[in-house]
Amino acid sequence: MFFYLSKKVAIPDNVKLKCVSWNKDQGFIACGGEDGLLKVLKLETQTDDAKLRGLAVPSNLSMNQNLEGHSGSVQVVTWNEQYQKLTTSDQNGLIIVWMLYKGSWYEEMINNRNKSVVRSMSWNADGQKICIVYEDGAVIVGSVDGNRIWGKDLKGVQLCHVAWSADSKILLFGMTSGEIHIYDNQGNFIMKMKLNCLVNVTGAISIAGIHWYHGTEGYVEPDCPCLAICFDNGRCQIMRHENDQNPVLIDTGMFVVSIQWNHTGSVLAVAGSQKVVTQDKDVNTVQFYTPFGEHLGTLKVPGKQMSALSWEGGGLKIALAVDSFIYFANIRPDYKWGYCSNTVVYAYTRPDRPEYCVIFWDTKNNEKYVKYVKSLISITTCGDFCILATKADENHPQFVLVLCNSIGTPLDPKYIDIVPLFVAMTKTHVIAASKEAFYTWQYRVAKKLTALEINQITRSRKEGRERIYHVDDTPSGSVDGVLDYSKAIQGTRDPICAITASDKTLIVGRESGTIQRYSLPNVGLIQKYSLNCRSYQLSLNCNSSRLAIIDISGVLTFFDLDARVTDSTGQQVIGELLKLERKDVWDMKWAKDNPDLFAMMEKTRMYVFRNLDPENPEHPNKDYIINFEIRSLRDSRALIEKVGIEDASQFIEDNPHPRLWRLLAEAALQKLDLHTAEQAFVRCKDYQGIKFVKRLGNLQSESMKQAEVAAYFSRFEEAERMYLDMDRRDLAIGLRLKLGDWFRVLQLLKTGSGDADDSLLEQAHNAIGDYFADRQKWLNAVQYYVQGRNQERLAECYYMLEDYEGLENLASSLPENHKLLPEIAQMFVRVGMCEQAVTAFLKCNQPKAAVDTCVHLNQWNKAVELAKNHSMKEIGSLLARYASHLLEKNKTLDAIELYRKANYFYDAAKLMFKIADEEAKKRTKPLRVKKLYVLSALLIEQYHEQVRNAQRGKVKGKSSEATSALAGLLEEEVLSTTSRFTDNAWRGAEAYHFFTLAQRQLYEGYVDTALKTALHLRDYEDIIPAVEIYSLLALCACASRAFGTCSKAFIKLESLETLSSEQKQQYEDLALEIFTKHTPKDNRKSELDSLLEGGEGKLPTCVATGSPITEYQFWVCSVCKHCVLAQEISNYNFCPLCHSSVG
């Protein structure tokens, strides 16, 4: 923080000042003094230079009013900012309330108790109540409108100070004895305040000031000390609340007269005087402190005796009453800010939040990112990154260094156990220092580094990325720096006061003036230098050869780190203090690319130095450009205005110059002297001007010529008005068309009517639509495109607005085969709207694109349907792709249905057979397996029918191209297929039909019929497992007492290789049990046995009963071609095998 005196205002007649108060909201300054002096002043920043802002603007007194009314010395002045009132009192006890009326201050209310003198007055936070304390112990609380709320006499005490709490619930009364009593807002005593700062203090003391910051601008951090109490002996305590048992204690070491917080409660100013050993008289001094008691700086003020101080509302100025003068000092606060990657990072407090509000403002794109950070200590930036140093927790001593990018995203937090009072940052390292030790952290970010930097990183990575060093250690650059926080606890007699770092050097400044130079990245102490000042800010240039030092009194000096010089004792030393010295410097910055170039801030000016020599920085700016006309141009202009064109023409002839001829031509045009104008344009070689004059010559009307001239000189409004007065709206429209002012064109078109207007109106609407579309105001653009019937741009706007309903309506309104339809269809495709896209593609006769869209969006059903409807040749490949897609998802039945619908019966049958086989292997319900085989066979039958039809079509020669292509495809399929699917499509169905029929007959008691049916199963061992066939046969034979057949079945079972020895043993045991009781011979010799066993002349089998058909009359199914006995079919409505209608 930096302070310097900037202005001095003298009070007439050398009247001594007693008090001063600065209105925080309106900027009025009230000062009171002896002999009833009361003035209201106002500093106004008056400048015509827009580039000057803030403290740099010179300030003058815009108000300087004497307020008459007091006769005695004015001792107390206090503002009520909320209600724009000033309350003053003098040594006679007279109180006056002043109000502002039409720019001047007038008396509003007067009160005089005539018993005692007012010592202090205080308005509460909302300006509703005032508390007035008198020396004799009387207390009055009044309202803003002058009514008395309550009054009280405190017996036996003398009062000198009063203060309200932020919530207006507590009142503090300061006694002349130095005690402070706490009362509630009704005047009831609560307790005496404990004054820790007066421990071990003897002698008479008095209160110099009580100021309780009300938190109107937020707090520096949560639970921040805000109640400051200071005594004349320089002892001060800052409390969090009135009962704080652990306040911040300060000994200012001065005689104090006044204290005050700034507008945010972040700085406490303490005014008074200090004894100086070298001088006899005391020196007027203002000390500045943080709420935590840290000393920020000292401001020395001339004069004999300071009596009061007051802060300006923005905290950038302070007013000091000294003798018969008001001194103004400028304050340069230590803002928390930095600049990285085109981004300004800055922090401030807000009344509604306990945290700091950190703004990342991208100055290039003008974008802002907000981040809230608790207990922020500092912001440090380098390159593209910044470090936010914060306190981890109110109750915990740990601190955090948060590495952020330029939009505030936290990349890497590091918890440390030392207070990061000073933080420096390079491209690879962060250095944080407390008063005793410093911590180094080699941070990692995903960015490009040079080979040398990578080498340094990899070398130091082995030794650890975090280290800590005590300031009194002498590290050698080896691995002696470890993360041992016990070092940080050890004290030092010479604390750290500033640090700075570059890629290869770390500089640590100490309070004694010692400068320690370390190497980076391996921290090793290289050199110690001695200076005669205490550093406040250090800065290294880009090649680390020079160090800039700003000391605590604002003096800037430079030190050459590598220069070798001979000192006074004749010894050679490294390092030399350079001759340049500047005072009142509060900041400086080296150039990143030039080691000799730097900028510095001195009071309100910035200087740029090159090689220690100042230069005047000027940047290109339009404000700096002034056009000066040379004398001959001025003279020619004057001649034309005064004596006319002819004389001026002669003057220009004598002093020829193209610019002068142009001046003459323009003047001649204004007066419609076309002959002179043409000659002048010829002389300045302006071909366009000559053509314009020729065109003017062809016009008959004078007013028309004047209108054209007005347009030539860019007086377009005037020209348009002239055209309209001549009833030539067409010319006015033409003028606006040339200028591209379509909004005005539209206005003019709407004022009249004409055939030619319709197309122009459409053009205007479209141009305005383009204007809005270019600025991405799609909604506005739509309105104009609709009127301009610009379907192409309308489609684009609907798409950008995501108004797909509007886009769909537009597509439906377009005629078939419109060129815009494919584009709209593609828009629908991009957002996955298949149905709308297909409709658009079909409307423009692009079925292939519609099918491709369906495939792209996985709408395969739709794709196949479209391919069928439009007889597309590539349906086969499309089906194959869709089927494989379905099979991948294990949707086999869906694939079958797809093939079936597309009349690809053979492919459907193959898949169905596959499912039936798989189900059969799973040993699921036989009826289900039969149904699957029936379905497979039915598909094969449909396939055969398709082949026959195709052949018939060929014979007739009437086949369509698509049918013949399909027939050819199917023929190839037939030729290449010799599988069981086509030859014996019904075998699987037959097998499971007889298998279930035999069991049904057996359970219904028709054992003989069941045996006959079971005997058929011997032909189907390739479909049904043999063990099941022969087990069933054995069972049926045993039931019908055909033990011979039963014996054969057992022999077959015992010889099966698929059975285990245990299972075979079980069958043997069962056979033994049966055939010991019964002879293995069939009891009834059936006449059908020979037929059943015969191979060649096998009889057809009835699928209803399982018996052979010996009669000539029997029923044949039209679908599956299987037979049923004539007498049996009357019992059935459907074929027992394929379940098709008997009909």
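See the structure above.
Computed from a predicted model, the values in this text were never measured in an experiment. (Residues numbered from 1 in each chain as written. Predicted model: local features only at pLDDT ≥ 70, side-chain atom pairs only at ≥ 80, totals over all residues. Heavy atoms only, no water.)

## Quick notes on the side chain of T390
With respect to the helices and strands, the residue T390 is situated in strand β34 (residues 385-393). With relative accessibility at 7%, the residue T390 sits in the buried group. (Helix = DSSP H or I, 4+ residues; strand = E, 2+ residues; numbered from the N terminus. Buried < 20%, exposed > 50% of the residue type's maximum accessible area, 1.4 Å probe, protein only.)

## So, the packing of helix α9 (residues 716-725) against helix α10 (residues 729-739)
Orientation of α9 relative to α10, taken along the N-to-C sense of each, is 155°, at an axis distance of 7 Å. As far as their axial angle goes, α10 and α9 are roughly antiparallel. In the packing of α9 onto α10, the handedness of the crossing is left-handed. On the side of α9, the interface is formed by F716, E717, A719, E720, Y723 and L724, while α10 contributes R729, L731, A732, L735, R736 and L739. (Axes fitted to C-alpha atoms, helices over the stretch in contact; angles between N-to-C directions. Parallel < 35°, antiparallel > 145°, perpendicular 65-115°, else oblique. Left-handed = near helix turned anticlockwise from the far one by under 90°. Contact = heavy atoms within 4.5 Å.)

## Description of the pairing of strand β26 (residues 306-311)
Across the six residues that make up β26, a large majority, five, are buried. Two strands pair when backbone bridges link them, and β26 and strand β27 (residues 317-322) are joined in this way by five bridges, in the antiparallel orientation. If you follow A308 over to β27, its bridge partner there is A321. Hairpin geometry of β26 and β27 is characterised by an intervening segment of five residues between the two adjacent antiparallel strands and by a positive phi of about 75° at G315. (Pairing = 2+ DSSP bridges.)

## Let's talk about the side chain of N405
Position of N405 among the secondary structure elements: in the loop between β35 (396-404) and β36 (410-416). Among the polar contacts made by the side chain of N405, one reaches the main-chain amide nitrogen of T409 at a distance of 2.9 Å. Sequence-distant contacts of N405, defined by excluding residues within four places in its chain, comprise F360, D384, F385 and L411. (Polar contact = N/O pair within 3.5 Å; in protein donor to acceptor, adjacent residues only side chain to side chain.)

## Structural notes on the environment of L761
Inspection of the secondary structure assignment puts L761 in helix α12 (residues 757-774). On the basis of relative accessible area, L761 is assigned to the partly exposed category, the value being 25%. Separated by 27 residues in the primary sequence, L761 and G788 place their C-alpha atoms 7.5 Å from one another. Excluding anything up to four places from it in sequence, L761 contacts L746 and L749.

## Focus on the pattern of salt bridges
Summed over the entire model, instances satisfying the criterion amount to 29 salt bridges. With its nearest N and O atoms 2.5 Å apart, the salt bridge here joins D472 to R510. Within this pair, whereas D472 is found in the loop between β40 (466-470) and α2 (486-489), its partner R510 is found in strand β42 (residues 505-510), the two being separated by 38 residues in sequence. Residue D472 is classed as partly exposed on the basis of its relative accessible area of 42%. Given a relative accessible area of 5%, R510 falls into the buried group. The partner of R546 in a salt bridge is D596, with the nearest N and O atoms 4.0 Å apart. With R546 in strand β46 (residues 546-551) and D596 in the loop between β49 (585-590) and β50 (597-602), the pair connects residues that are 50 residues apart, well separated along the chain. Under the relative-accessibility criterion, R546 is labelled buried at 16%. (Salt bridge = Lys/Arg side-chain N within 4 Å of Asp/Glu carboxyl O.)

## What to know about helix α18 (residues 847-856)
Listed in full, the buried residues belonging to α18 are P847, A850, V851, T853, C854 and V855. Directly after α18, the chain includes N858, whose backbone phi takes a positive value near 60°.

## Considering the sheet that holds strand β8 (residues 94-101)
Two modes of strand pairing occur in sheets, parallel and antiparallel, and in both the strands are linked by backbone hydrogen bonds. Pairing is antiparallel in the open sheet, where four strands are placed in the order β6-β7-β8-β9. The sheet is open, and its two borders are formed by β6 (74-80) and β9 (104-112), each paired with just one other strand. Going across the sheet, the axis of each strand differs from the next one's by a mean of 20°, ignoring polarity. In this sheet, β9 lies alongside β8 in antiparallel orientation, the contact comprising eight bridges. The residue bridging M99 from the neighbouring strand is Y106, located in β9.

On their own, these measurements won't tell you what the molecule is for.
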